[in-house]
Amino acid sequence: MTKELGQEERQRLSDICVNRCKGRCCSPWWGVIYYTLKRPNIVQNRASLKKEITSSINKRLDRIRSGYVTKETPPRNLFDKPDKFNVNVENVRINQGGSVDIEIRAMFAFSCLYLSEDNTCLLHPTILERDIRPHHCEDLGTPGAKQGEKGFCRIIDAAIGDDAGDAAIDKAIELEISSSDEFYLDGKDTLDEAAELVTEQVMERVLKLAPDEVAAPSTKVGRNEPCSCGSGKKFKKCCGA
């Protein structure tokens, strides 16, 4: 909490987080990354596209997991593999010259390894008497943070807003739960399923934008010939695997 808040107000906001919201933002904790996957040409090889998408999602997943670690020596990861992958294509652009920009929103639902069954944070300084939490944990529920900014929490925002009160807080908690549950239910269980969905979305959009390019016939590649994706590997050990 910010230094401007008195002890009584800090305690009130903390009680809302622990007793009313019950740490919903950490159960699950959503890691969200927007990024653009750039390709030099129109997508024709579906298998190579899926491999590229899988790799790009995995890189973002590793970035989150490696970034959210405790401030210890050695550090400990807060997350293992995600419970759900909610990955979707936001936009596909075919540029002049034929290059393609694929805008992707990757959301990962993590179970924090240090959250108890009653959603108590086992790394919280009130429990450990020292703060080893990652910076993102310290920033959670920062009063005054706007939506989209670091530390924003719609429940705390409702608790200190112009319409602050039980009704506003309950509405914010309900929205937090419903939106999280919706993203969770729409998510995929595995990285492969998520990559398959994104690949399908890209192919559909490219087909609409450039049907002649996608429909153009391609030469069949033998299993022992170099893969058409340009990896340098044999087709049977690359896109034909």
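Notes on the structure follow. Predicted model, so just to flag it, every value in this text is computed and none were measured.

Some words on the environment of leucine 49
Relative to the assigned elements, leucine 49 resides in helix α2 (residues 46–67). Among the residues examined, leucine 49 registers a relative accessible area of 0% and is labelled buried. In this structure the C-alpha to C-alpha distance between leucine 49 and arginine 39, which are 10 residues apart in sequence, comes to 9.4 Å. Ignoring anything within four residues of it in the chain, the contact list for leucine 49 reads Arg39, Val43, Ile102, Thr199, Val202 and Met203.

Let's talk about the packing of helix α1 (residues 7–21) against helix α6 (residues 166–186)
Two measures define how a pair of helices packs: the angle their axes make with one another and the distance between the axes. Following both chains from N to C, one finds α1 and α6 inclined at 60°, their axes separated by 12 Å at the closest point. Relative to α6, the element α1 is oriented oblique. Crossing of α1 against α6: the hand is right-handed. Residues Ile16, Arg20 and Cys21 of α1 touch α6, and the partners they reach there are Asp166, Ile169, Asp170 and Ile173.

What to know about the nonpolar core
Counting 36 residues, the largest nonpolar core has Ile53, Ile57, Val87, Ile102, Phe108 and Val202 as the members making the most contacts within it. Secondary-structure elements contributing two or more residues to this core are β1 (29–39), α2, β2 (84–94), β3 (100–110) and α7 (191–209). For this core, the element with the most residues is α7, which contributes seven residues. Contacts of isoleucine 57, omitting those with residues within four sequence positions, involve Tyr35, Val87, Phe108, Leu191 and Ala195.

Some remarks on the packing of aromatic side chains
Within the structure shown, the criterion is met by eight aromatic pairs. A centroid spacing of 5.9 Å and a plane angle of 85° characterise the contact between phenylalanine 85 and phenylalanine 108, whose relative ring orientation is edge-to-face. A residue pair is termed long-range when its members are at least 10 positions apart, and phenylalanine 85 in strand β2 and phenylalanine 108 in strand β3 qualify at 23 residues. Classification of phenylalanine 85 as buried rests on a relative accessible area of 6%. Put simply, the rings of Trp29, Tyr68, Phe79, Phe85, Phe108 and Phe110 touch in pairs and so form one group of aromatic residues. Cation over ring: arginine 60 sits above tyrosine 35, and NZ or CZ is 3.8 Å from the ring centre.

Quick word on a nonpolar patch on the surface
Together, Leu122, Ile127 and Leu128 make up an exposed nonpolar region whose accessible area comes to about 230 Å². Taking the relative accessible area as the measure of exposure, leucine 122 reaches 41% and is therefore partly exposed.

Some points on α1
Helix length check: α1, at 15 residues, gives a terminal C-alpha distance of 20 Å against a target of 21 Å (1.5 Å per residue), a fit within 8%. Taken together, the buried positions of α1 are Leu13, Ile16 and Cys21. Its buried side turned inward, α1 meets α5 (154–160) and α6. A positive backbone phi angle near 60° is found at lysine 22, which sits one or two residues after α1.

Overview of unusual backbone geometry
In the segment running from serine 27 into proline 28, the intervening peptide bond is cis, with an omega of 0°. Mapping proline 28 onto the fold places it in the loop between α1 and β1. With an omega of -5°, the peptide bond running from threonine 73 to proline 74 counts as cis. Residue position: proline 74 is located in the loop between α2 and β2. One non-glycine residue with positive phi stands out, namely lysine 22, at about 60°.

Thoughts on the pattern of salt bridges
Overall, the coordinates contain 19 salt bridges when judged by the stated rule. With a shortest N-O distance of 3.0 Å, glutamate 196 and lysine 50 are connected by a salt bridge. Taken as a pair, glutamate 196 in helix α7 and lysine 50 in helix α2 lie far apart in primary sequence, 146 residues in all. Overlapping salt bridges bring together Arg46, Lys50, Asp192, Glu196 and Glu200 as one network.

Things to note about the sheet that holds β1
One open sheet holds the three strands; their spatial order is β1-β3-β2, and the pairing between them is antiparallel. The outermost strands of the open sheet, each flanked by one partner alone, are β1 and β2. Neighbouring strand axes in the sheet, compared pairwise and without regard to direction, differ in orientation by 15° on average. Examined bridge by bridge, β1 and β3 share 11 bridges and lie antiparallel to one another. Considered in β3, the bridge of tryptophan 29 is made with phenylalanine 110. Relative to the sheet, α7 contacts β2 and β3, its axis offset from that of β2 by approximately 20°.

Reading the values: the criteria
Residues numbered from 1 in each chain as written. Predicted model: local features only at pLDDT ≥ 70, side-chain atom pairs only at ≥ 80, totals over all residues. Heavy atoms only, no water. Helix = DSSP H or I, 4+ residues; strand = E, 2+ residues; numbered from the N terminus. Buried < 20%, exposed > 50% of the residue type's maximum accessible area, 1.4 Å probe, protein only. Contact = heavy atoms within 4.5 Å. Axes fitted to C-alpha atoms, helices over the stretch in contact; angles between N-to-C directions. Parallel < 35°, antiparallel > 145°, perpendicular 65-115°, else oblique. Left-handed = near helix turned anticlockwise from the far one by under 90°. Core = buried A, V, L, I, M, F, W, Y, C linked by side-chain atoms within 4.5 Å. Phe/Tyr/Trp six-rings, centres within 6.5 Å; stacked < 30°, edge-to-face > 60°. Lys NZ or Arg CZ within 6 Å of the ring centre and 35° of its normal. Patch = residues over 30% accessible without salt bridge, like charges linked within 9 Å, V, L, I, M, F, W, Y side chains within 5 Å. Areas by Shrake-Rupley, 256 points an atom, 1.4 Å probe, with all protein chains shown as cover. Salt bridge = Lys/Arg side-chain N within 4 Å of Asp/Glu carboxyl O. Expected span 1.5 Å × (residues − 1). Pairing = 2+ DSSP bridges.

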